[in-house]
Amino acid sequence: MTPRVSVVVPTVDRVELLERTLRGLAAQDVDSFEAIVVHDGHPGIRALLADWSNRLPLQALEIPERGTVAKRNAGWRAARGPIIAFTDDDCEPAPGWLKAAVAAFDQGPPTLDLVQGRVDAHPEDAQVEGLFKRTVTVTGHYEGYPNANLVYRRAALERVGGFDPAYWGATEDADLAFRVLESGGEVQYVDDALVWHAVRAVDFVSHMKSLPRWGNAALTIKRHPQLRPLLPHRIFWKDTHVTGGLALLGLLLAPFSGRALLLVLPHFAKRMKDSGPKAGAQLAVADVAEVAVTVAGSIRYKTLFI
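Residues numbered from 1 in each chain as written. Predicted model: local features only at pLDDT ≥ 70, side-chain atom pairs only at ≥ 80, totals over all residues. Heavy atoms only, no water.

1. What to know about the overall build of the protein
Filter applied, for reference: Per the convention used, a helix needs a DSSP run of H or I reaching at least four residues, while a strand needs a run of E reaching at least two, with both numbered from the N terminus. Based on C-alpha atoms, the radius of gyration is set beside the globule rule, defined as 2.2 Å times the residue count to the power 0.38. Note on contacts: a residue pair is in contact if any heavy atoms of the two residues lie within 4.5 Å. Counting rule applied: Lys, Arg positive; Asp, Glu negative; His and chain ends not counted. A charged residue contributes its charge at one atom only: NZ of Lys, CZ of Arg, CG of Asp or CD of Glu.
When helices and strands are tallied, the protein shows 11 helices and eight strands. Relative to the compact-globule value of 19 Å for 306 residues, the protein shows a C-alpha radius of gyration of 21 Å, a close match. Along the first, second and third principal axes, the C-alpha atoms of the protein reach 70 × 40 × 35 Å. Long-range pairs, those at least 24 residues apart, make up 76% of the contacts in the protein with a sequence separation of at least 6. Of the charged side chains in the protein, 34 are positive and 35 negative; the average position of the first set lies 7 Å away from that of the second.

2. Let's talk about a nonpolar patch on the surface
Using the following cut-off: A patch consists of residues exposed above 30% relative accessible area that lack any salt bridge, with like charges linked at up to 9 Å and nonpolar side chains (Val, Leu, Ile, Met, Phe, Trp, Tyr) linked at up to 5 Å. Each accessible area is a Shrake-Rupley result for a 1.4 Å probe, and residues are judged covered by the shown protein chains and nothing else. Note on definitions: salt bridges are taken to be side-chain nitrogens of Lys or Arg within 4 Å of carboxyl oxygens of Asp or Glu.
Among the surface-exposed residues, Leu246, Leu249, Leu253, Phe256 and Leu263 lie close enough to one another that they form a single nonpolar patch of about 470 Å² accessible area. Along the chain, the position of Leu253 falls in helix α9 (residues 240–253).

3. Here's the deal with helix α11 (residues 277–301)
Our working definition: Multiply 1.5 Å by the residue count of a helix minus one, and that product is the helix's expected span.
The terminal C-alpha atoms of α11, which comprises 25 residues, lie 36 Å apart, in line with the 36 Å expected from a rise of 1.5 Å per residue. Just downstream of α11 lies Lys302, where phi reads positive at about 55°.

4. What about the packing of helix α10 (residues 265–275) against α11?
Formally: Under this scheme, a helix contributes an axis fitted over its contacting stretch, all axes are lines through C-alpha atoms, and angles between N-to-C directions fall in the 0 to 180 degree range. Every angle not falling under 35 degrees, over 145, or within 65 to 115 is termed oblique; those three ranges are roughly parallel, roughly antiparallel and roughly perpendicular. Each crossing gets its handedness from the near helix: less than a right angle anticlockwise from the far helix is left-handed, clockwise is right-handed. Each residue is assigned to one of three groups, with Ala, Val, Leu, Ile, Met, Phe, Trp, Tyr, Cys and Pro labelled nonpolar, Asp, Glu, Lys and Arg labelled charged, and all others, Gly among them, labelled polar.
Across the interface, α10 lies against α11 with an axial gap of 7 Å and an inter-helix angle of 140°. Taken together, α10 and α11 sit at an angle that is classed as oblique. Handedness of the crossing formed by α10 with α11: right-handed. When α10 is examined against α11, the residues His267, Phe268, Arg271, Met272 and Ser275 are found in contact with a partner set consisting of Pro277, Ala279, Gly280, Ala281, Leu283, Ala284, Val285, Asp287 and Val288. Its residues assigned to classes, the contact of α10 with α11 comprises nine nonpolar, three polar and two charged.

5. Points about the nonpolar core
Using the following cut-off: We define a nonpolar core as any set of buried Ala, Val, Leu, Ile, Met, Phe, Trp, Tyr and Cys residues linked to one another through side-chain atoms lying within 4.5 Å. Accessibility here uses a 1.4 Å probe with only protein chains present; expressed as a share of the type maximum, an area under 20% marks a residue as buried, one over 50% as exposed, and anything in between as partly exposed.
Leu22, Leu25 and Trp97 are the most contacted members of the largest nonpolar core, which totals 35 residues. Taken together, the elements giving at least two residues each to this core come down to β1 (5–10), α1 (15–26), β2 (33–39), α2 (43–52), β4 (83–86), α4 (97–107), β6 (112–121) and β8 (186–197). Top element by residues in this core is α4. It accounts for seven residues. Apart from residues lying up to four places away in sequence, Trp97 is in contact with Val7, Leu25, Gln28, Ala85, Phe86, Thr87, Asn149, Val151, Ala193, Leu194 and Val195. If you look at the next biggest cluster of nonpolar residues, it comprises 30 residues, including Ala79, Leu114, Ala156 and Leu227.

6. Notes on the sheet that holds strand β7 (residues 150–153)
Heads up, the rule is: Two strands qualify as a pair provided that DSSP identifies no fewer than 2 bridges between them.
In spatial order, the strands read β3-β2-β1-β4-β7-β6-β8-β5; together these eight strands make up an open sheet with mixed pairing. Single-partner strands in this sheet number two, and they are β3 (58–62) and β5 (91–93). On average, each strand axis in the sheet is inclined to that of its neighbour by 30°, with strand direction left out of account. Strand direction decides the pairing type here: β1 and β2, joined by six bridges, are parallel. Paired with Val5 across the strands is Phe33, a residue of β2. Packed on one face of the sheet, helix α3 (residues 68–78) meets β1, β2, β3 and β4 and runs near 150° to β2. Contacts between helix α6 (residues 172–182) and the sheet are confined to β6, β7 and β8, with β7 contributing the most and set at about 35° to the helix.

7. Considering the environment of Thr294
Note the threshold: Here a polar contact means two N or O atoms within 3.5 Å. Within protein one must be a hydrogen donor candidate and the other an acceptor candidate, and residues neighboring in sequence count only if both atoms are side-chain atoms.
By the element assignment, Thr294 lies in helix α11. Residues Thr294 and Ala218 lie 76 residues apart in sequence; the distance between their C-alpha atoms is 6.7 Å. With residues near it in sequence (within four places) discarded, Thr294 still touches Trp237, His241, Phe305 and Ile306. Within the structure, Thr294 has its side chain in polar contact with the backbone oxygen of Val291 (distance 2.9 Å).

8. Regarding the packing of α1 against α2
Viewed as axis vectors pointing N to C, α1 and α2 meet at an angle of 20°, and their least axial separation amounts to 10 Å. Judged by the inter-axis angle, α1 sits roughly parallel to α2. Between α1 and α2 lies a crossing whose hand is right-handed. For the pair α1 and α2, the contacting residues are Val15, Leu18, Glu19, Leu22, Arg23 and Ala26 in the first and Gly44, Ile45, Leu48, Leu49 and Trp52 in the second. In terms of residue class, the contact of α1 with α2 is made up of eight nonpolar, one polar and two charged.

9. Regarding α3
Of all the positions in α3, only Val69, Lys71, Arg72, Asn73, Gly75 and Trp76 are classed as buried. Along its buried surface, α3 packs onto β1, β2, β3, β4, α5 (154–160) and α6.

10. Let's talk about unusual backbone geometry
One non-glycine residue, Asp13, lies in positive phi territory at about 70°. Along the chain, Asp13 falls in the loop between β1 and α1. Here Lys302, not a glycine, exhibits a phi torsion of approximately 55°, which is positive. Along the chain, the position of Lys302 falls in the segment after α11.

Shape descriptors only; they carry no functional weight alone.
Now the structure itself:
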């Protein structure tokens, strides 16, 4: 029997978190669905999927590519359902997630091609702390469209070709959503379609290593200029990038004029005043690094995004 919904989960070797995802999928109460977990051969993932294969309508799809774009495209193209639900390996769908999403498609217009569901921090992670702790929350229609909880008609994915392989970092999820909407589809936010997102502690070094993935954000802004009114002054990713940009400029000019370092002071001073000397200094350095990434993306994609 053809499943009503196919759930696609790309995984990058996070065994313990993926087990939560599978636990949540096992609790779904739709009439017919399949789960497709796309991985790249990590032994722990293979063992976990084998263990869950008798408890879920589960397809383990192994591909050599490690990027999430390749995994998601491989997953939905291998899927059999007319509705494709995407979530990630650091998420756990709450009971009723798929049922609420399917009901929205059943009750909505034929042009409804995308359902965006609620994303809350995982209740089991309430004690996770840290300056750079990481999670995702969505409590209403949000034009960032994080892939933690997006459900599409398969026909819409076929119409636009799925995720664009030009993306090697982040924001490929927002790009896909906007291409679907720009092609004539509609979106509906469904609060009852809930997914819990892990809260992960991330140290300063790991946070800094993760920043280059945002280099693709400039491409999304270039392709979808309707996002610009949401940006501070239409060009900055975050408010902190205004003074962070000046700090980066000061650092770049410092070899030619020591006075340029004065441009660094306002940003570092504010961060340290708000968060204390150590945390403030780390946040300020991260801000300047983020600006360097966005500026590099602006140059690469020939658009202004800082």
